[in-house]
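What follows is the residue order along each chain.
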Amino acid sequence: MCGIVGFTGTQQAAPVLLTGLKRLEYRGYDSAGIAVQHEGKILTEKCSGYLENLNRITDNGKNVPGFCGIGHTRWATHGAPTVTNAHPHVSNDGHFAVVHNGIIENYALLRAELMEKGFVFHSETDTEVVVHLLDLYYTGSLKQAVMKTVARLEGSYALGVVCDEHPGELIAVKSASPLILGVGAGENFFASDVTALIGHTRTVIYLEDGEFASLTPEKITVYDCGGRELQKPLSRVMWNTEAAEKGGYEHFMLKEIMEQPRALKATIEPRVKNGEIVLEGFQLSDEELQGINQIVITACGSAYHAGYVGRYIMEELCRIPVRAELASELRYSNPIINEHTLVIVISQSGETADTIAALKECKARGARTLAIVNVVGSTVAKLADSVLYTWAGPEIAVATTKGYTTQIAILDLLAVYMGHRLGRVEEGRYAALVEGICALPERCQRAIDLNTQAAALAEAFHDKPSLFYIGRNLDYAVCMEASLKLKEISYIHSEAYAAGELKHGTIALIDEEQLVVALACHRPLFEKLISNVKEVKARGAQVLAVAQESERRIFAEADQVLLVPECDALLLPIPEIIPLQLFAYYVAKFNGCDIDKPKNLAKSVTVE
Ligand code: F6R
């Protein structure tokens, strides 16, 4: 969702801000704007729609002079994506400009109070109260005005502020929304995520909630909410610029699909030493582990689907009841969770609002918490007792691919590791599973190489109005992700269905118009799945099957086949999703969709 950038230095600010915003485009947005200090004034340019419009109005920033400014891409929550509602918002006297990510929950009360005091509101946004509060409280000290303003705000916010009376100075405020400071030489930056910074600097400062910072070209000073100066450590970002660029691929999504063997290797390899799984982030003692009597996996969207895969694998290997819960449901469900529960929270961004809320709810109930996260220093990573990072690198396409498969890789490692430590996975099986996990990057590459026909199949089926994905057991878990992948980027309706459930109602929808994608990789239930294939074929549906490459029987049953390399049954979901990611990608491409930025979607869902 919304993106924030800030720059102060000796080069023209507007082009730097626009390039930074470009790198944040993937987060999803529908309007954009910048505000730059120039000769005692604040110059503001805003547009609705994409950044191209802002680039056009400003000649790529060239006709906005000044060396210090803020920028924003807005994903509309309060008010339509109009120019007036776009950020930055400017105070009535023109002295302050503000950009904001998050939601000011008490904005209606503040708005009424400020209107009574004579402030004029131009937008429908919650953000505008912030700029008027700054104006209200300003008596010459920007720091004091910021502290008094922030003390009035409830909700989540990352703020960027400029004031025309403080040339060269930016203020950055963080509370429950991501904001990172970038440390340069004679120039400094802030941004809502590191991808906007890595072209300029890889030295960063992670702000904690309740902290704010003043940035000038020479200096960054960080304060706590009481205004006391803090000494913050500098961190080094491991991601590089190439990782955040398309590298010759037409779309980030395709690049990220192709990057999966490498991302899996980076995630798995450092955690297997001499045939043993070593999970440094996992902090439960043997006694604590023995005391766990249930595992709850919680997340949203694809991360939840990864958790759903993990549920089968963990229950199978650890012999502990495991359930996967949507974070948006768990947070309001009065769950039975206590100190004997291990809660595994999964999030690529580490900033998903519902996931954070569910994690807090589980912690409050005494659960042991473990996070599987991609973004270092993110809120989920900071809140959980232990963290296992997926080393997938930056994921730019809105539709996750390498994020999802690396999450499953961590769940595989965790399930085998815990099952072994609990004495429920015997040595021979342990060694075979560890070997199988280490082979996943290569299996994943094979899944890419095996399915060069994915584009042709997509061309054949891209005009289907609706699809069913069916499967059993782990195949069903993979169906959920395959179906989401297709619908989010191609806008074609699809449903994931447990194959055995079809005849309990939904088979009424099956006719010759339908394409049924039948996932038939789970060998123990192959025959059962084939019965379901026969049922839908008898009603006229076409069937595209997904099966392991040695499974020749499938060719007699299905109209078309996508292939998955041989693999241990428990480890199949990673190679299995690959042809289905490719299929979804090419269907969207044949339908002319905006693949990396699907309509209405945001990469990081930081509001409820
Ligand atoms: C779909 C997708 C989303 C995310 C979900 C959770 O392709 O990417 O469904 O998986 O919004 O996001 P994270 O993992 O950042 O918590």
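Residues numbered from 1 in each chain as written. Predicted model: local features only at pLDDT ≥ 70, side-chain atom pairs only at ≥ 80, totals over all residues. Heavy atoms only, no water.

Caption draft 1: Local environment of the sheet that holds strand S5 (residues 89-90). Ordered in space as S5-S6-S7-S8-S12-S13-S14, the seven strands form an open sheet in which the pairing is antiparallel. Edge positions in the open sheet fall to S5 and strand S14 (229-230), since each of these has one partner strand only. In this sheet, strand S6 (residues 96-104) lies alongside S5 in antiparallel orientation, the contact comprising two bridges. Its bridge partner being in S6, Val-90 is matched across the sheet by Ala-97. (Pairing = 2+ DSSP bridges. Helix = DSSP H or I, 4+ residues; strand = E, 2+ residues; numbered from the N terminus.)

Caption draft 2: Expanded view of the pattern of salt bridges. Under the defined criterion, the tally for this structure stands at 32 salt bridges. The shortest N-O distance in the salt bridge between Arg-443 and Glu-442 comes to 3.0 Å. Classification of Arg-443 by relative accessible area gives buried; the value is 17%. Three or more residues joined by partner-sharing salt bridges are found here, namely Arg-523, Glu-527, Glu-551, Arg-553 and Glu-566. (Salt bridge = Lys/Arg side-chain N within 4 Å of Asp/Glu carboxyl O. Buried < 20%, exposed > 50% of the residue type's maximum accessible area, 1.4 Å probe, protein only.)

Caption draft 3: Quick peek at the pairing of strand S7 (residues 155-163). Most of S7 is tucked away, with eight of its nine residues classed as buried. Where S6 and S7 come together, nine bridges link them in antiparallel fashion. Among the inter-strand pairings, Gly-102 is bridged to a residue of S7, identified as Tyr-157. If you look at the hairpin formed by S7 and strand S8 (residues 170-175), you'll find six residues sitting between the two strands, and Gly-168 has a positive phi there, around 80°.

Caption draft 4: Structural detail: the nonpolar core. Ile-295, Met-314, Ile-344, Tyr-469, Leu-580 and Phe-583 are the most contacted members of the largest nonpolar core, which has 130 residues in total. Among residues more than four places away in sequence, those in contact with Leu-580 are Tyr-469, Val-478, Ala-482, Val-517, Leu-519, Val-546 and Leu-562. Within the second largest apolar cluster, 27 residues are counted, among which are Leu-110, Ala-145, Leu-159 and Tyr-223. (Core = buried A, V, L, I, M, F, W, Y, C linked by side-chain atoms within 4.5 Å. Contact = heavy atoms within 4.5 Å.)

Caption draft 5: Spotlight on the site of the ligand. Near the ligand you find 14 residues, and of these Ser-347, Gln-348, Ser-349, Thr-352 and Glu-488 are the closest. The backbone of Ala-303 places a nitrogen or oxygen atom 3.5 Å from an oxygen atom of the ligand. Contact between the ligand and Thr-400: an oxygen atom at 3.0 Å from a main-chain N or O atom of the residue. Contact with the protein chains removes 90% of the 410 Å² of surface that the ligand exposes when unbound. Among the detected pockets, the ligand sits in the largest pocket. Contributing elements (two or more residues each) for the shell around the ligand: helix H9 (301-318) and helix H17 (474-490). (Near = heavy atom within 4 Å. Polar contact = N/O pair within 3.5 Å; in protein donor to acceptor, adjacent residues only side chain to side chain. Areas by Shrake-Rupley, 256 points an atom, 1.4 Å probe, with all protein chains shown as cover. 1 Å grid on protein atoms, 1.4 Å probe; cavity = no way out; pocket = protein on both sides within 12 Å on 5 of 7 lines; lining within 4 Å. Sits in = over half its atoms within 2 Å of the grid points.)

Caption draft 6: Inspection of the packing of aromatic side chains at higher detail. Considering all chains together, one arrives at 11 aromatic pairs under this definition. Each ring, one from Tyr-308 and one from Tyr-312, has its centre 6.0 Å from the other, and the planes form 70°; the classification is edge-to-face. Here Tyr-312 and Tyr-308 lie together in helix H9, a separation of four residues that amounts to about one turn. For the pair formed by Tyr-308 and Tyr-312, the shared burial category is buried. The interplanar angle of 35° and the centroid separation of 5.3 Å between the aromatic rings of Tyr-389 and Trp-391 together place this pair among those described as tilted. When its relative accessible area of 16% is taken as the criterion, Tyr-389 is described as buried. Here Trp-391 falls in the partly exposed class, since its relative accessible area comes to 36%. (Phe/Tyr/Trp six-rings, centres within 6.5 Å; stacked < 30°, edge-to-face > 60°.)

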